[in-house]
Amino acid sequence: EGGPGPDPVSGDYGVDVSSSVSSSSASCLSDSGNNFIIPRGFCSTGSVDPSVCTTIINAYKAGFKTRDTYMFPCPTCSSSASSQMGTLVDYLNSHCKSEWSGRVWLDIEGSQYWTGSSSNNRAWYEDLVDSCDKYGVDCGVYSSSYSYGSYLPLWYAHYDNKASFSDFSSFGGWRSPHAKQYAGDVTV
């Protein structure tokens, strides 16, 4: 899976994953110097990823300092943004509350995942951001210069294989990043 790069505050390295991470794999990732993990918690199909808590729990046992999750929301599904966030947070609180760090990264990308209406998309996104407060979770945004902007912390993608923010340019209202994904699928 990909590496979002060093956290600008701590300089830590981490990974994001879209499939279950076993205990042995979590230990290997931790032993390789990764201090945070961000497994997918919600799929673009509009449902919770059932492997999210297995990964979070295994990462906790392996010593990861931070165990966030990311949400790939479904604006074209019948459930609202707030309902989708509520479903994810309820699942995390029911299955891995004490191991989860409490942050949800909102994966905002690709026009193919959104409706054809800018005003509807904006309203849906604002409902999603508002739902972070409603459900008492810290949120951040995973995006790129081709997608949405916000006042939330930014985790941006630029697959240049450089663990550096030197390539960052302000966009969408963000002046500085929180994390960078600098590599795609990699084997650790």
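Caption draft 1: How the structure looks around the packing of helix H3 (residues 81-95) against helix H4 (residues 118-134). With their axes 8 Å apart at the nearest point, H3 and H4 run at an angle of 40° to one another. Viewed along their axes, H3 and H4 form a crossing whose handedness is right-handed. Where H3 abuts H4, its residues Ala 81, Ser 82, Gln 84 and Met 85 lie against Trp 124, Asp 127, Leu 128, Ser 131, Cys 132 and Lys 134. Tallied by class, residues from the contact of H3 with H4 come to 5 nonpolar, 3 polar and 2 charged.

Caption draft 2: Examining the pattern of salt bridges more closely. Summed over all chains, the structure comprises 4 salt bridges. For Arg 40, the salt bridge goes to Asp 49, with nearest N and O atoms at 2.8 Å. According to the relative accessible area criterion, Asp 49 is buried, its value standing at 4%. Across the salt bridge formed by Asp 160 and Lys 180, the nearest N and O atoms sit 2.9 Å from each other.

Caption draft 3: The arrangement of the packing of aromatic side chains in detail. Taken as a whole, this structure holds 5 aromatic pairs when the rule is applied. Where Tyr 156 meets Phe 168, the ring centres are 5.1 Å apart and the plane angle is 65°; that geometry is what we call edge-to-face. Of this pair, Tyr 156 sits in strand S7 (residues 154-157) while Phe 168 sits in the loop between S7 and strand S8 (179-181), placing them 12 residues apart in sequence. Accessibility assignment for this pair places Tyr 156 and Phe 168 in one class, buried. Pairwise contacts between aromatic rings join Tyr 70, Trp 105, Tyr 142 and Trp 155 into one cluster.

Caption draft 4: Expanded view of the nonpolar core. With 30 residues, the main nonpolar core has Met 71, Met 85, Leu 92, Val 104, Leu 106, Leu 128 and Val 137 as its most contacted residues. If you list the elements that add at least two residues to this core, you get helix H2 (52-62), H3, strand S5 (103-107), H4, strand S6 (138-143) and S7. Among residues more than four places away in sequence, those in contact with Val 104 are Thr 69, Met 71, Met 85, Leu 88, Val 137, Asp 138, Cys 139 and Gly 140. The next biggest cluster of nonpolar side chains, apart from the first, holds 9 residues, and it includes Val 15, Val 21, Ile 37 and Phe 64.

Caption draft 5: Broad picture of the state of the cysteines. As enumerated under the stated definition, the model contains 3 disulfides in all. What pairs with Cys 53 in a disulfide is Cys 96, and their sulfur atoms sit 2.1 Å apart. Measuring handedness by torsion sign, the sulfur bridge of Cys 53 and Cys 96 sits at about -50° and is left-handed. Placement of the pair is Cys 53 in helix H2 and Cys 96 in the loop between H3 and S5, with a sequence separation of 43 residues. Two residues share a disulfide in this structure: Cys 132 and Cys 139, whose sulfurs sit 2.1 Å from each other. Linking Cys 132 and Cys 139, the disulfide has an S-S dihedral of approximately -100° and is accordingly described as left-handed. Taking relative accessible area as the criterion, Cys 132 reaches 3% and is therefore assigned buried. Sequential numbering of the bridged cysteines in the protein gives the disulfide pattern 1-4, 2-3, 5-6.

Caption draft 6: Region of the structure containing the packing of helix H1 (residues 23-31) against H2. Contact pair H1 / H2: the axes reach a minimum separation of 8 Å and the direction vectors enclose 50°. Here H1 is positioned oblique relative to H2, judged by the angle of their axes. The interaxial crossing formed by H1 with H2 has right-handed handedness. In contact with Ser 23, Ala 26, Ser 27 and Ser 30 of H1, H2 contributes Asn 58, Ala 59 and Ala 62. For the contact of H1 with H2, the per-class residue count stands at 3 nonpolar, 4 polar and no charged.

Scoring rules and cut-offs
- Residues numbered from 1 in each chain as written.
- Predicted model: local features only at pLDDT ≥ 70, side-chain atom pairs only at ≥ 80, totals over all residues.
- Heavy atoms only, no water.
- Axes fitted to C-alpha atoms, helices over the stretch in contact; angles between N-to-C directions.
- Helix = DSSP H or I, 4+ residues; strand = E, 2+ residues; numbered from the N terminus.
- Left-handed = near helix turned anticlockwise from the far one by under 90°.
- Contact = heavy atoms within 4.5 Å.
- Nonpolar A, V, L, I, M, F, W, Y, C, P; charged D, E, K, R; others polar.
- Salt bridge = Lys/Arg side-chain N within 4 Å of Asp/Glu carboxyl O.
- Buried < 20%, exposed > 50% of the residue type's maximum accessible area, 1.4 Å probe, protein only.
- Phe/Tyr/Trp six-rings, centres within 6.5 Å; stacked < 30°, edge-to-face > 60°.
- Core = buried A, V, L, I, M, F, W, Y, C linked by side-chain atoms within 4.5 Å.
- Disulfide = S-S within 2.5 Å.
- Parallel < 35°, antiparallel > 145°, perpendicular 65-115°, else oblique.

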